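One-letter residues, chain by chain:
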Amino acid sequence: MTTLYGIPNCDTVRKARDWLVRHGVAHEFHDFKKAGVPAERLARWVDVAGWERVLNRKGTMWRKLDEATRASVTDASSAQAVMLREASTIKRPVVEWDDGRITVGFDEKDWAGRV
């Protein structure tokens, strides 16, 4: 089963969820706000996609972090620590497709080749 991870009030997550429904992709939604960030999943996303891709340095939550916290992110371990504390610093959505592939973010053209 495909699982989409994110927060429900994120516009990009809404677009991604709508896209999955329109294309008949059965999926589950994992809400970071209600269910938290599964540490073992985050570690896998970072292994597959790289911490620089998973960490959203362009988002509001990243900008709200104090300078010392932002400066402390220098590698996968430190990035994961911040992402576990502040789920909104994870680029959304993260999708674990039913075939085991992982995507970070929503790219309609890329996704079209997956269904």
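Residues numbered from 1 in each chain as written. Predicted model: local features only at pLDDT ≥ 70, side-chain atom pairs only at ≥ 80, totals over all residues. Heavy atoms only, no water.

Participant: Outline the overall build of the chain, supporting the account with residue identities and numerical values.
Facilitator: The number of helices and strands found in the chain is eight helices and four strands. N-terminal to C-terminal, the α/β element order of the chain is β-α-β-α-α-α-α-α-α-β-β-α. For a compact globule of 115 residues, the expected C-alpha radius of gyration is about 13 Å, and the chain comes in at 14 Å, within 12% of that figure. With the C-alpha coordinates of the chain rotated into their principal frame, the extents come out at 45 × 25 × 25 Å. The buried share of the chain, reckoned over its 115 residues, is 43%. For the chain, long-range pairs separated by at least 24 residues make up 61% of all intrachain contacts whose partners lie at least 6 apart in sequence. Counting every atom, the chain has about 6400 Å² of accessible surface; 46% of that belongs to carbon and sulfur. (Helix = DSSP H or I, 4+ residues; strand = E, 2+ residues; numbered from the N terminus. Rg over C-alpha atoms; globule rule 2.2 N^0.38 Å. Buried < 20%, exposed > 50% of the residue type's maximum accessible area, 1.4 Å probe, protein only. Contact = heavy atoms within 4.5 Å. Areas by Shrake-Rupley, 256 points an atom, 1.4 Å probe, with all protein chains shown as cover.)

Participant: So what about the nonpolar core? Which residues, and what values?
Facilitator: Among soluble globular proteins, nonpolar side chains are generally buried collectively. One finds Phe-32, Leu-42, Trp-45, Val-54, Met-83, Ile-90 and Trp-111 to be the most contacted residues of the largest nonpolar core, which totals 31 residues. Taken together, the elements giving at least two residues each to this core come down to β1 (2–6), α1 (11–22), α3 (39–49), α4 (51–54), α7 (76–85), β3 (94–96) and β4 (102–104). Setting aside residues up to four positions removed in sequence, Leu-42 forms contacts with Val-37, Val-54, Gln-80, Met-83, Leu-84 and Ile-90. (Core = buried A, V, L, I, M, F, W, Y, C linked by side-chain atoms within 4.5 Å.)

Participant: Can you break down the pattern of salt bridges residue by residue, with the values?
Facilitator: All told, the structure shown has five salt bridges when counted by the stated rule. Between Asp-11 and Arg-14 there is a salt bridge, with the nearest N and O atoms lying 2.9 Å from each other. Taken as a pair, Asp-11 and Arg-14 lie in helix α1 at a separation of three residues, close to a single helical turn. As a salt-bridge pair, Arg-70 and Glu-67 come within 2.6 Å of each other at their nearest N and O atoms. Highlighted residues: Arg-70 and Glu-67, both in helix α6 (residues 67–72), separated by three residues, approximately one helical turn. (Salt bridge = Lys/Arg side-chain N within 4 Å of Asp/Glu carboxyl O.)

Participant: An account of the side chain of His-30 is requested, with residue identities and associated values reported.
Facilitator: Looking at the element boundaries, His-30 is found in strand β2 (residues 27–31). Setting aside chain neighbours within four positions, we find His-30 in contact with Thr-3, Leu-4, Tyr-5, Gly-6, Ala-35, Gly-36 and Pro-38.

Participant: Residues and numbers for unusual backbone geometry, please.
Facilitator: Put simply, Arg-92 and Pro-93 share a cis peptide bond, and its omega is -10 degrees. Within the secondary structure, Pro-93 sits in the loop between α7 and β3.

Participant: Can you lay out the sheet that holds β2 for me, pointing to particular residues and giving the numbers?
Facilitator: Strand pairing within a sheet occurs via backbone hydrogen bonds; the two strands may be parallel or antiparallel. Spatially, β2-β1-β3-β4 is the arrangement adopted by the four strands of the open sheet, whose pairing is mixed. In this open sheet, the two edge strands, each paired with only one partner strand, are β2 and β4. Taken over all neighbouring pairs, the strand axes of this sheet differ in orientation by 15 degrees on average, direction set aside. As paired elements, β1 and β2 share five bridges and run parallel to each other. Residue pairing in the sheet places Leu-4 in a bridge with Phe-29 of β2. (Pairing = 2+ DSSP bridges. Axes fitted to C-alpha atoms, helices over the stretch in contact; angles between N-to-C directions.)

Participant: Could you give me a rundown of the environment of Leu-4, with the residues and numbers involved?
Facilitator: Residue position: Leu-4 is located in strand β1. Since its relative accessible area comes to 0%, Leu-4 is described here as buried. A sequence separation of 87 residues divides Leu-4 from Lys-91, and the C-alpha atoms of the two residues are 12 Å apart. Leave out the neighbours within four places in its chain, and Leu-4 touches Val-13, Ala-16, Arg-17, Leu-20, Glu-28, Phe-29, His-30, Pro-93, Val-94, Val-95 and Trp-111.

This is a description of form; function is not addressed.
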